[in-house]
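# Summary of structural features
Below, each chain spelled out in residue letters.
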Amino acid sequence: MSYAVTNPATGETVKTFDTISDDDLQAAIAAADNAFRTWSQTTTVAERAALVHRVGELHVERRQELADIIVLEMGKPVEQALAEVDFAGAIYEYYADHADEFLKDEPIRLLDGDGSAVVRRSALGVLLGIMPWNFPYYQVARFAGPNLVIGNTILLKHAEQCPESAAAIQQIFLDAGFPEGAYVNIYADHSQIETVIADPRVQGVSLTGSERAGAKVAEIAGRNLKKVVLELGGSDPFILLSTDDLDAAVQNAVDARLDNSGQSCNAAKRFVVIDELYPSFLDKFTAKLAEVEASDPTSEDSALGPLSSLKAAENLDEQVKRAVENGATLVRGGGRNGAFFETTVLTDVTPDNPASKEEFFGPVAQVFRAKDEEDAVRIANDTPFGLGSYLYTTDKEQAERVANRIEAGMVFVNLVLADGAELPFGGVKRSGSGRELGRFGADEFVNKKLIRTSW
């Protein structure tokens, strides 16, 4: 395994980084453990929150520098890169501002006996974060922000193609005033990660990534009795049952599919449209997608950059071809030029087509025709994934009814791109377990200690 910055727009390898040595890895674990036993135990919530708040400020102050790094590392269009840095900054500030609220004692009303009882939240210790390439700053923020406020310390293994952004994040924590060991970036390989998870000083692991990686990490964590949070893939449905403005719904559908060049776990990927709206939606949706062409991600006008790597584009190409070989109709697109991939629309994807059970990580949309509400729910749930979902209807009772039946961790009604620092993020089924962001994200890696007294 090698850590390297390879520009997906050109294929040029710009910079390489050495994998951490076994001795240095042990030193990193020791530093994180020492920081937990010293800094974490001797600081207040307010003091830790102030440091995390400064981390958020530094993200915003360095937004252009940070954005430029990930445009080069994974091809994110620059305006989207800037927005990601800003969102990461907001997440750190959110947890800093709400630290006291999330960590306050929770009284329990006794059913019998005298005295009192409270649940007191405290840190667990050293945590390992394994983060993906698609949102290099945002993904780290939603893991590191709450846990450092709590007092846990962090070992962060970033994606192999994001070594420069990983180093920039660690520098921000140091510049904000965190001590050595509170947040440690490690360029570790897979076997070394197994060593980290098994180490008794490490108390938990959070992974955002593929099903395969999640299953492997969960297996290792289970053998070593470690708490694990997993945010894995998604094939989120966009269900259109009724609308007063089809053009607006179509634009929302395009925005939901093309966010981050289509490389977002909770992007809308399967568009389930009621029968009477299907022909018009398909025509308008296809035409709108066709207007968006992959372009130089350094341009302020770019809405669609290259995929994160040549390999990612080749894999997507194979998926599209396999879908068509198994009976899907290629309505438009399907072309590839290096790591750049055309916006693509597939229809007639039947349940026995492998494409119906796969995640397409790029600007490829599957459009399904639903006979009625019941059929739409069936199609939406006919997937091994259960991360997010989008529901469009003018009927509030229908919205309530259908939202309750969608098998997903998140349902957004009549809006897209509405994630927030305060909103819990996570899924069910093969999309993982646990939650990040919001109050629930601050409640995963804590000791919820019961204190029962006689007074």
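Summarised in this report is the structure supplied together with it. On a predicted model such as this, the values are computed, not experimentally measured, just so you know. (Residues numbered from 1 in each chain as written. Predicted model: local features only at pLDDT ≥ 70, side-chain atom pairs only at ≥ 80, totals over all residues. Heavy atoms only, no water.)

### Here's the deal with the overall build of the protein chain
Helix and strand counts for the protein chain stand at 15 helices and 22 strands. Against the globule reference of 23 Å for 455 residues, the protein chain gives a C-alpha radius of gyration of 23 Å, in line with a compact fold. Projected onto the principal axes, the alpha-carbon positions of the protein chain cover approximately 65 × 60 × 40 Å. Burial analysis of the protein chain (455 residues in total) assigns 55% to the buried set. Accessible surface for the protein chain amounts to roughly 18,700 Å². Of this, 49% is attributable to carbon and sulfur atoms. (Helix = DSSP H or I, 4+ residues; strand = E, 2+ residues; numbered from the N terminus. Rg over C-alpha atoms; globule rule 2.2 N^0.38 Å. Buried < 20%, exposed > 50% of the residue type's maximum accessible area, 1.4 Å probe, protein only. Areas by Shrake-Rupley, 256 points an atom, 1.4 Å probe, with all protein chains shown as cover.)

### Quick notes on the packing of helix 3 (residues 63–74) against helix 7 (residues 163–176)
Packing of helix 3 against helix 7 leaves a shortest axis separation of 9 Å and a crossing angle of 160°. Relative to helix 7, the element helix 3 lies roughly antiparallel. Considering only the axes of helix 3 and helix 7, their crossing is left-handed. Contacts from Leu66, Ile69, Ile70 and Glu73 of helix 3 reach helix 7 at Pro163, Glu164, Ser165, Ala168 and Ile172. Of the residues assigned to the contact of helix 3 with helix 7, the class counts are 6 nonpolar, 1 polar and 2 charged. (Axes fitted to C-alpha atoms, helices over the stretch in contact; angles between N-to-C directions. Parallel < 35°, antiparallel > 145°, perpendicular 65-115°, else oblique. Left-handed = near helix turned anticlockwise from the far one by under 90°. Contact = heavy atoms within 4.5 Å. Nonpolar A, V, L, I, M, F, W, Y, C, P; charged D, E, K, R; others polar.)

### Some words on the environment of Lys321
Here Lys321 is to be found in helix 12 (residues 310–325). Judged by its relative accessible area of 48%, Lys321 falls in the partly exposed class. Along the primary structure Lys321 and Gly334 are separated by 13 residues, whereas in three dimensions their C-alpha atoms are 8.2 Å apart.

### Some points on the packing of aromatic side chains
Tallied over the full model, the rule gives 19 aromatic pairs. A centroid spacing of 5.9 Å and a plane angle of 80° characterise the contact between Tyr92 and Phe173, whose relative ring orientation is edge-to-face. Of the two residues, Tyr92 is situated in helix 4 (residues 78–97) and Phe173 in helix 7; the sequence distance between them amounts to 81 residues. Note on Tyr92: relative accessible area 1%, which makes it buried. A connected cluster of aromatic rings, assembled from ring pairs, spans Phe238, Phe271, Phe281, Phe285, Tyr390, Tyr392 and Phe412. Just above the ring of Phe425 sits the side chain of Arg142; from NZ or CZ to the centre is 4.4 Å. It is Arg439 that lies over the ring of Phe440; its NZ or CZ is 4.3 Å from the centre. (Phe/Tyr/Trp six-rings, centres within 6.5 Å; stacked < 30°, edge-to-face > 60°. Lys NZ or Arg CZ within 6 Å of the ring centre and 35° of its normal.)

### Some remarks on the side chain of Glu373
Examined against the element boundaries, Glu373 turns out to sit in helix 13 (residues 373–381). Contacts of Glu373, omitting those with residues within four sequence positions, involve Leu241, Ile274, Gln398, Arg401 and Val402.

### Digging into unusual backbone geometry
Here Leu225, not a glycine, exhibits a phi torsion of approximately 55°, which is positive. Along the chain, Leu225 turns up in the loop between helix 9 (211–223) and strand 9 (227–231). Despite not being glycine, Asn414 shows a phi value in the positive range, around 60°. Here Asn414 shows up in the loop between strand 19 (412–413) and strand 20 (428–429).

### What about the sheet that holds strand 19?
With respect to topology, 7 strands assemble into an open sheet ordered 12-15-16-11-10-18-19, the strand pairing being mixed. Both edges of this open sheet fall to strand 12 (329–332) and strand 19, since each of them pairs with a single strand only. Bridging between strand 11 (residues 268–274) and strand 16 (residues 364–370) involves 5 bridges; their strand directions are parallel. By the bridge assignment for strand 16, Ile274 is matched with Ala370. Against the sheet, helix 11 (residues 278–291) engages strand 10 (236–240), strand 11, strand 12, strand 15 (344–347) and strand 16, with an angle of about 170° to strand 16. (Pairing = 2+ DSSP bridges.)

### Concerning helix 6 (residues 138–150)
An α-helical turn contains 3.6 residues, so any two residues separated by three or four positions project in the same direction. Along its 13 residues, helix 6 runs 19 Å from first to last C-alpha, staying within 8% of the 18 Å computed at 1.5 Å per residue. Taking the largest bend as the criterion, helix 6 deviates by roughly 25°, centred on Ala144, and proline Pro146 comes between one and four positions later. One or two steps after helix 6, the chain reaches Gly151, where phi turns positive at roughly 120°. (Expected span 1.5 Å × (residues − 1). Bend = angle between axes of the 7 residues up to and from the residue.)

### Some thoughts on the layout of surface pockets
Empty space among the atoms becomes visible once a probe the size of a water molecule is rolled across them. The computed volume of the largest pocket comes to approximately 1,700 Å³. Taken together, 50 residues make up the lining of the largest pocket; nearest its centre are Trp133, Glu160, Gly209, Ser210 and Ala213. Counting residues per element, the lining of the largest pocket draws most heavily on helix 12, which supplies 8 residues. Here the second largest pocket is characterised by a volume of approximately 430 Å³. Together, 23 residues line the second largest pocket, and Phe87, Phe135, Asp259, Leu417 and Asp419 are the ones closest to its centre. Contributing elements (two or more residues each) for the lining of the second largest pocket: helix 4 and helix 6. When residues in the lining of the second largest pocket are grouped by element, the largest group, 4 residues, is from helix 4. (1 Å grid on protein atoms, 1.4 Å probe; cavity = no way out; pocket = protein on both sides within 12 Å on 5 of 7 lines; lining within 4 Å. Points joined across faces, edges and corners; volume = space filled by probe spheres on them.)

### Details of the pattern of salt bridges
Per the counting criterion, the structure on display carries 30 salt bridges. Asp33 is the partner of Arg37 in a salt bridge, and the nearest nitrogen-oxygen pair spans 3.1 Å. Of this pair, Arg37 and Asp33 both sit in helix 1 (residues 22–42), 4 residues apart, which is roughly one turn of the helix. Arg37 sits in the exposed class, given a relative accessible area of 55%. Taking relative accessible area as the criterion, Asp33 reaches 13% and is therefore assigned buried. A salt bridge links Glu231 to Arg142, with the shortest nitrogen-to-oxygen separation between them at 2.6 Å. Pair noted here: Glu231 is in strand 9 and Arg142 is in helix 6, with a separation of 89 residues, a long-range link. (Salt bridge = Lys/Arg side-chain N within 4 Å of Asp/Glu carboxyl O.)

### Digging into the nonpolar core
Counting 117 residues, the largest nonpolar core has Leu148, Phe178, Phe281 and Phe285 as the members making the most contacts within it. In terms of residues, this core owes the most to one element, helix 4, which gives 10 residues. Core analysis: the second largest hydrophobic core is formed by 23 residues, Ala32, Ile130, Val205 and Leu232 among them. (Core = buried A, V, L, I, M, F, W, Y, C linked by side-chain atoms within 4.5 Å.)

### Quick look at the side chain of Thr286
Here Thr286 lies in helix 11. Judged by its relative accessible area of 13%, Thr286 falls in the buried class. Excluding residues within four positions of it along the chain, Thr286 makes contact with Phe281, Val331, Arg332 and Val345.

Keep in mind these values describe shape, not function.
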